[in-house]
Amino acid sequence: MLDAQNGLRGTGAASAGPSGWRPGSPGGTPLICFLMAVNVIGQRMNFMVTLHGCWLVAILTRRHRQAIARLWPNYCLFLALFLLYQYLLCLGMPPALCIDYPWRWSRAVPMNSALIKWLYLPDFFRAPNSTNLISDFLLLLCASQQWQVFSAERTEEWQCMAGVNTDRLEPLRGEPNPVPNFIHCRSYLDMLKVAVFRYLFWLVLVVVFVTGATRISIFGLGYLLACFYLLLFGTALLQRDTRARLVLWDCLILYNVTVIISKNMLSLLACVFVEQMQTGFCWVIQLFSLVCTVKGYYDPKEMMGRDQDCLLPVEEAGIIWDSICFFFLLLQRRVFLSYYYLHVRADLQATALLASRGFALYNAANLKSIDFHRRTEEKSLAQLKRQMERIRAKQEKHRQGRADRGHPQDTLGPKDPGPEPGPDSPGGSSPPRRQWWRPWLDHATVIHSGDYFLFESDSEEEEEAAPEDPRPSAQSAFQMAYQAWVTNAQTVLRRQQQEQARQEQAGQLPTGGGPSQEVEPAEDPEEAAAGRSHMVQRVLSTAQFLWVLGQALVDGLTRWLQEFTRHHSTMSDVLRAERYVLTQELLQGGEVHRGILDQLYTSEAEATLPGPTEAPDAPSTVSSGLGAEEPLSSTTDDTGSPLSTGYHTRSGSEEAVADPGEHEAGTSLPQGRMRTASELLLDRRLRIPELEEAELFAEGQGRALRLLRAMYQCVAAHSELLCYFIIILNHMVTASAGSLVLPVLVFLWAMLSIPRPSKRFWMTAIVFTEVSVVVKYLFQFGFFPWNSHAVLRRYENKPYFPPRILGLEKTDGYIKYDLVQLMALFFHRSQLLCYGLWDHEEDSPSKEHDKSGRKEQGAEEGPGALPEPQAKAGTGLEEEPGAPEATTEDHVQVEARVVSTDGTAEPQAELRPRDTRRISLRFRRRRKEGPAQRGLAAIEAEDREEEKEAPTGREKRPSRAGRRVRAAGRRLQGFCLSLAQGTYRPLRRFFHDILHTKYRAATDVYALMFLADVVDFIIIIFGFWAFGKHSAATDITSSLSDDQVPEAFLVMLLIQFSTMVVDRALYLRKTVLGKLAFQVALVLAIHLWMFFILPAVTERMFSQNVVAQLWYFVKCIYFALSAYQIRCGYPTRILGNFLTKKYNHLNLFLFQGFRLVPFLVELRAVMDWVWTDTTLSLSSWMCVEDIYANIFIIKCSRETEKVPGPGAGA
């Protein structure tokens, strides 16, 4: 019935008009018939329904509607005759004839009652169940109705009214799609269509996974393998043509039907011969999950208590999940045949074309951020120099003043003292002098008068304070709660009403958007005074205030989430517009080339920048292109070549990276710098009505939907953090050697990758998870000796049970967290594809751009110039340390060989792109052969030479055997060398990129790392009992008095303190290499200690040690911060105490508490003195630290005095 309303091509959508709706088109009736047939099989599970399964296979293999229609009358005839035959079997022979059935008295064919029931034979002792014929009758009824539909479809009247109801597998060729585009969600119906036609495929794969994972059988393994294959290659499958897509999908449907028929046939063993199978063939029961699902064959309780090692899998039997999977598979097949799916396919193809576009935008934003950080650092250093100049000038002035007081005769001369240094002069701000006509001007008076600028200061923080935004910001929920606490709820509501009226008069909408807040009209003062004492009125006002407060809280949270993901939203807007242009071209059947996206952005002649390059607020999608513009980039002239990535356009979106220092405010963007997403939005000149309608619809949604949308965008923008969290959570729950691999790879590979984790890591994580699921599934079968009941009871809580260490233990929820992990990984992959961040390693257009840049540079420098090996880093792309890197190096080597021996280059014609590409391809094939293959050729040549040199046949035989041994040795040596090189080179390239990268914006997260270490220290102190066998002690003091302190507790205290000291030393030395080595060693040591040594010491599994799990989770946060510090690098100037960075009450209280800890101040001062390059002695260093602490306390008090009192300024 779905296709009758949504325009499925199999139900006459060709003549249905633009809406795709056809009245009275029951195209879903075959689906209902198929489900009814599966229902008949599941209810009866005997020999008779095997014929239903055979007919189901015969019909599904026809695949096309016309072929099924030709076979359908025969199927209806079979159902009618088969129902009549079963009815006669239920009637049986009349008892008056006194004739028994041969299967009861014949000794040649011994049959028991269970076998007679399974064969559905008549019997006087146990008559066949006639109620089963009801399901057969319903199946016949549905099939008869479908026969009428097939007959009516051939009539001319039906075709005129509802259209030609045929399968149309060919895509539209130039003709418009009869259904509207719903991808951009311009209404709630479009959102429903997106959920059905785009995301139903992934829901079906989840159902297939659950169908296979809930039953431990060989059939379930097939479901898992099919699900994993479709998960890996599903995106490519969805982009294929309809015929190729349906072939694979029909194979999965036939496998599902085959499993249903096989389970029905195996019910003979499960229902009739269950005792014999349980006694001698238990492995068959466990392999196929055999258990009878039809009542009346045997007593389940009696069979369950017979053998503990051969239990019947009662909960894992039946075909319920197979039937559910069958329904979803057929439903998805109908979706594949719909006109709506053409929009989904075109959008997926456009997304594939833009697979690396987001990486280019990400690089542009990253480089811009790095440039901003560099300028901030330079500004800070310049400010420090100016402050030092002020201090030097002040000291010189003070010295001159004392010299003037020492020579009083100089003051009587006509010397002009000159103008006093003002606030902007190097001498600093003018001090407040006490004049004779204002003797009351002292320190306290200045403080209470609010004239704080009269104080003399060496800091420029007050002078360079950013101007406040003159626009009134929306009142937050916390401010409303504070006002209600200070005054009352009615006053807050009255102010809200006044603010809303003021906004309506100004023609503005409420800041929160959406429906306006409902506030009662203000009451008169007398009525308010009279109602204030009334309890009901106060309750109503409180309830109304709580409602308004909740709305303000939701609006504030939505705004904060939108601001938090503003960069990703801007990049998504750019990609959405470019995908729309590519989608329209694909739907029209045109050729997609690089010049298509030129219509979106301004041209080179129009690219001028009248103001700053980036506005404070990112523009919306409906920007018409009026705003910041920039010049064109120099790209290749080939605009008609196929678009492989979608971002190598002539519109200025791909440009080489130039020195950021060339940028000047108020002028155009520097030549060679790539534009960011916000700048591209400002440069857009094409209005897309569909996207504008979609944005207006999103803004007009309710508060709940807008909040959910903002939360989804936040999760989608940081989906890699979600993957990391679930991987760590899975390891904390599983705590096995198998689950240990991914967390270590996360901390040592993904989090250290610059600028972001590569496609290879995510594919490694996905494939490893799938392989681990399959291995776990295989070891869940009960016929393995370690899965027996006695062995499991013996090693119930032992941490060193081998299957438990390897993660292969037979448990109930063995696959639950792996499923969640797989869903998170594939969700992250879909987001990378959506944002264009998936295929940046194999970005061929960027490499071609890089090659063309090198060739242009060589042409400019002259024929004698060699290409630079460092030109590869000019694009800013992180290349894979594998094949792409080798290809680039080979290309450079080939170009270098073109130069002749005398230093002059050969003619330029030999460096054409085609010839260079051919040479690099040949060289790449030679590199792919590896040393092992080249060694084989050399070995064969040596063998031929040795055979020629051998004089006689007697000497040839032993030498031939020796040559074979040597050849085998050379092969083994070549293989080992190639394996070592294949492992060493990527690792060397990876760590080299970490230490020598251009994507490094220096940052300082030592405070957060120190906070994580402190939390871990507190966890160790208060949870000491979890790190030893003696867990009966109540506190640490009783343990110390009883001499029962766990050794593991002391070891962890020592490790925690040592890591804090080493981390402090690395922070002060600012060595990234040392921090990287420390990270690698600490990650490996912590995981070895927590998951292998500590369980042996405590005799407690890690999954049952809550304190150890909490400590490990906080340590994982520390690892993440440490990896972020390594990627970003240390700043140039490092402040010794991070608490003194800001001057407020919180930092002051924390700093005072830090000073109260015994010996902590002295210890930190000594460590800072040891690991800081200084000429001061230790005593002088301590004095400087004390002076700095006192200055910080004074500055905090002066910041507090900045707030004027009640009479300030009077």
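Residues numbered from 1 in each chain as written. Predicted model: local features only at pLDDT ≥ 70, side-chain atom pairs only at ≥ 80, totals over all residues. Heavy atoms only, no water.

Draft legend 1. A look at the environment of L707. Within the fold, L707 resides in helix α27 (residues 703-717). Beyond its immediate chain neighbours, meaning those up to four positions away, L707 contacts V554, L557, T558 and L561. (Helix = DSSP H or I, 4+ residues; strand = E, 2+ residues; numbered from the N terminus. Contact = heavy atoms within 4.5 Å.)

Draft legend 2. Spotlight on the packing of helix α29 (residues 737-750) against helix α41 (residues 1072-1098). For the pair α29 and α41, the least separation of the axes is 11 Å and the interaxial angle reads 160°. Relative to α41, the element α29 is oriented roughly antiparallel. α41 is crossed by α29, and the crossing has right-handed handedness. Residues A737, L740, P743, V744, F747 and L748 of α29 touch α41, and the partners they reach there are Q1079, V1080, V1083, L1084, H1087, F1091 and F1092. Looking at the contact of α29 with α41, its residues break down into eleven nonpolar, two polar and no charged. (Axes fitted to C-alpha atoms, helices over the stretch in contact; angles between N-to-C directions. Parallel < 35°, antiparallel > 145°, perpendicular 65-115°, else oblique. Left-handed = near helix turned anticlockwise from the far one by under 90°. Nonpolar A, V, L, I, M, F, W, Y, C, P; charged D, E, K, R; others polar.)

Draft legend 3. Summary view of the packing of helix α40 (residues 1047-1069) against α41. Where α40 contacts α41, the two axes come as close as 12 Å, and the packing angle between them is 170°. Here α40 is positioned roughly antiparallel relative to α41, judged by the angle of their axes. In this structure, α40 contributes A1048, V1051, M1052, T1059, V1062, D1063 and L1066 to the contact, and α41 contributes G1074, K1075, F1078, L1082, W1089, M1090, L1094 and V1097. Residues that form the contact of α40 with α41 fall into these classes: eleven nonpolar, two polar and two charged.

Draft legend 4. Broad picture of the state of the cysteines. In this structure the tally under the stated criterion is two disulfides. The partner cysteine of C271 in its disulfide is C292, sulfur to sulfur 2.0 Å. One quick way to see it: the torsion about the S-S bond of C271 and C292 is about 95°, and its sign makes the bridge right-handed. Taken together, the residues C271 in helix α12 (residues 242-271) and C292 in the loop between α14 (282-288) and α15 (300-304) connect sequence positions 21 residues apart. With relative accessibility at 14%, the residue C292 sits in the buried group. For C282, the disulfide goes to C310, at an S-S distance of 2.1 Å. One quick way to see it: the torsion about the S-S bond of C282 and C310 is about 120°, and its sign makes the bridge right-handed. Of this pair, C282 sits in helix α14 while C310 sits in the loop between α15 and α16 (320-336), placing them 28 residues apart in sequence. For the pair shown, C282 and C310 are each scored as buried. Cysteine pairing for the chain, with bonded cysteines counted in sequence order: 1-3, 2-4. (Disulfide = S-S within 2.5 Å. Buried < 20%, exposed > 50% of the residue type's maximum accessible area, 1.4 Å probe, protein only.)

Draft legend 5. Structural context of the pattern of salt bridges. Scanning all chains against the criterion turns up 34 salt bridges. The partner of E809 in a salt bridge is R804, with the nearest N and O atoms 2.7 Å apart. Of the two residues, E809 and R804, neither departs from the other in class, the shared state being buried. Two residues, K1075 and D1063, come together in a salt bridge whose shortest N-O distance is 2.7 Å. With a gap of twelve residues between them, K1075 in helix α41 and D1063 in helix α40 connect regions that are remote in the sequence. One exposure class covers both K1075 and D1063, and it is buried. If you follow the salt bridges from partner to partner, you end up with D371, R374, R375 and E378 in one network. (Salt bridge = Lys/Arg side-chain N within 4 Å of Asp/Glu carboxyl O.)

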